[in-house]
Amino acid sequence: IPSRWRGLVPHRCFWAILLLALTVSLLAGFLHKDVRLLMPLLKGQAEGPPITNVMFLKTHKTASSTVLNILFRFAETHNLSVALPAGQRVHLGYPWLFLARYVEGVEEGGPEQRFNIMCNHLRFNLPEVRKVMPNDTFYFSILRNPVFQLESSFIYYKGYVPAFRDVVSLEAFLASPGTYYNESQGLRNAYARNGMWFDLGFDNNAPAEDAYVRARLADVERRFQLVLIAEHFDESMVLLRHLLRWRLDDVVSFPLNLRSPGSVTSLTPEGQERAKRWCALDWRLYQHFNRTFWARLRTELGPRRLRSEVAQLQARQRELQALCVQDGAPKNKSQITDLRLRPYQSGEADILGYSLRPGLDNQTVQLCQRMVTPELQYTARLYTQQFPEKPPKNIPFLGA
Ligand SMILES: Nc1ncnc2c1ncn2[C@@H]1O[C@H](COP(=O)(O)OS(=O)(=O)O)[C@@H](OP(=O)(O)O)[C@H]1O
């Protein structure tokens, strides 16, 4: 070593060691992350092909139309059969308890029929669902904070539900529900109290006694492999994708069936507390499954992978929104000129949908159109595809 460099040697050694240490630690961090990101691929291979027998209990006003759109798209692109409402119906017998014969192609005493996907509105009734779905079906559902679910329901079903018809606001209804809500007025009132409990097939007017509630929660735990939470929609989709072993693009969606900001009125804090008491069964249900949802995310994915997949999902959604959606935002009914894309309007709500960007090529139009097709039109379209020999579903509001 030349003498003029001798003093530098320990110094250089120090830097070299530091550089090595940094490289190793960076590499370790990178590899750790990368291995985790590779896990779905590796695990997917180990665990087998995507799950294609799926039953989604479509609860009301819980982002369930967005989930239905995801399932319909998956069915269409994978050539799967869907348990569709028979004849001119657009739901599977709701609000009556589901019966197998509400499904098109299923006849009492007729040959056995099994479908891959089931997701139109129905009131859950396991023995009858099992008659049309394969034994290895994956069952899942979605819940929403009952305060916001009830707000959405009130506006949407204002003219339809006897309990809501003659009251000026949800705030007024909750201040004195006994004045407006009459149990004996039949099933139509189910939208006014514990709607999610009702959709699960339970008695929405039952007293919220602890033993009863616990027993029903255990029923739901036993039957449904997964219960998602609407407030955490993206996390929900990441978890769903993981459990079904689907691709990221299979669970990308645009929010459907949204109320316009002008149709949203929020309850006061006092009104919210009343809503929780009035819908005590739904409140217990929601609290329980909100807890299990986060516990499940922790065990199935862990925070780092969850964050990374949610970010990927959101980036892909933004990309598709820029590609597909005219002006990149939802529109009200008068702005949607293509009737195939105009969502059903109900009650006092202004329900938003999407128009497609003009000038898209055929393949892109197909992809985008599927993503923005509302529930009724999509149900009708799949029905015609699946039963070309039957009269098509006639959706009267489309002509209006
Ligand atoms: N992705 C996503 N994330 C969070 N929330 C979402 C999403 N998609 C739809 N929504 C909200 O869900 C409400 C509509 O629910 P449903 O489609 O279940 O209604 S319906 O029962 O089928 O009529 C409706 O709620 P409100 O706007 O409060 O009425 C939608 O805004």
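Refer to the structure presented above.
Residues numbered from 1 in each chain as written. Predicted model: local features only at pLDDT ≥ 70, side-chain atom pairs only at ≥ 80, totals over all residues. Heavy atoms only, no water.

### A short note on the site of the ligand
Okay, step 1: Close to the ligand lie 21 residues; Lys 58, Ser 64, Ser 65, Ser 152 and Arg 259 are nearest.
Okay, step 2: Contact distances for the ligand include 2.7 Å between an oxygen atom and a side-chain N or O atom of Lys 58.
Okay, step 3: In the model, an oxygen atom of the ligand is placed 2.7 Å from a nitrogen or oxygen of the Ser 152 side chain.
Okay, step 4: Bound to the protein, the ligand loses 87% of the 640 Å² it would expose on its own.
Okay, step 5: At the level of elements, helix 3 (64–77), helix 5 (146–156) and strand 5 (258–259) are the ones that each hand at least two residues to the shell around the ligand.
Okay, step 6: Broken down by element, the shell around the ligand gets its largest block of residues, three residues, from helix 3. (Near = heavy atom within 4 Å. Polar contact = N/O pair within 3.5 Å; in protein donor to acceptor, adjacent residues only side chain to side chain. Areas by Shrake-Rupley, 256 points an atom, 1.4 Å probe, with all protein chains shown as cover. Helix = DSSP H or I, 4+ residues; strand = E, 2+ residues; numbered from the N terminus.)

### Considering the side chain of His 288
Okay, step 1: Take His 288: it is sitting in helix 13 (residues 280–300).
Okay, step 2: In this structure His 288 comes out as buried when scored by relative accessible area, which is 18%.
Okay, step 3: For His 288, the side chain forms a polar contact with the side chain of Glu 221, separated by 2.6 Å.
Okay, step 4: Apart from residues no more than four positions distant in its own chain, His 288 is found in contact with Leu 217 and Glu 221. (Buried < 20%, exposed > 50% of the residue type's maximum accessible area, 1.4 Å probe, protein only. Contact = heavy atoms within 4.5 Å.)

### Re the packing of aromatic side chains
Okay, step 1: Applying the stated criterion across every chain, the model contains 25 aromatic pairs.
Okay, step 2: With a centroid separation of 3.5 Å and an interplanar angle of 5°, the aromatic rings of Phe 74 and Trp 246 are classed as stacked. On the criterion of sequence distance, the pair formed by Phe 74 in helix 3 and Trp 246 in the loop between helix 11 (233–244) and strand 5 is long-range, its members being 172 residues apart. Both residues of the pair, Phe 74 and Trp 246, count as buried.
Okay, step 3: Through a chain of ring-to-ring contacts, the aromatic side chains of Tyr 94, Tyr 156, Tyr 157, Tyr 160, Tyr 191 and Phe 198 assemble into a single cluster.
Okay, step 4: When the ring centre of Phe 202 is taken as origin, the NZ or CZ atom of Arg 216, which lies over that ring, is 5.8 Å away.
Okay, step 5: Stacked on the ring of Tyr 383, the Lys or Arg Lys 393 has its end atom at 4.1 Å from the ring centre. (Phe/Tyr/Trp six-rings, centres within 6.5 Å; stacked < 30°, edge-to-face > 60°. Lys NZ or Arg CZ within 6 Å of the ring centre and 35° of its normal.)

### Section: the nonpolar core
Okay, step 1: Judged by nonpolar contacts, the single largest core of 88 residues is most densely connected at Met 118 and Phe 140.
Okay, step 2: Those residues within four positions of Phe 140 in sequence are excluded, and the remaining contacts are Val 54, Met 55, Phe 56, Leu 57, Val 67, Leu 71, Phe 224, Leu 226, Leu 228 and Leu 240. (Core = buried A, V, L, I, M, F, W, Y, C linked by side-chain atoms within 4.5 Å.)

### Thoughts on helix 11
One full turn of an α-helix is made of 3.6 residues, so residues set three or four places apart face in the same direction.
Okay, step 1: The end-to-end C-alpha distance of helix 11 is 16 Å, a good match for the 16 Å that twelve residues give at a rise of 1.5 Å each.
Okay, step 2: For helix 11, a buried count of eleven out of twelve residues is recorded, marking the element as mostly surrounded by other parts of the structure.
Okay, step 3: Residues of helix 11 that are buried include every one of Phe 233, Glu 235, Ser 236, Met 237, Val 238, Leu 239, Leu 240, Arg 241, His 242, Leu 243 and Leu 244, and no others.
Okay, step 4: One or two residues past the end of helix 11 sits Arg 245, with phi positive at roughly 60°. (Expected span 1.5 Å × (residues − 1).)

### Some points on unusual backbone geometry
Okay, step 1: The omega torsion of the bond from Tyr 94 to Pro 95 falls at 5°, within 30 degrees of zero and hence cis.
Okay, step 2: By the element assignment, Pro 95 lies in the loop between helix 3 and strand 2 (117–118).
Okay, step 3: Of note in the backbone geometry, Lys 61 takes a positive phi value of approximately 55° without being a glycine.
Okay, step 4: Here Arg 245, not a glycine, exhibits a phi torsion of approximately 60°, which is positive.
Okay, step 5: Among the residues examined, Arg 245 registers a relative accessible area of 25% and is labelled partly exposed.

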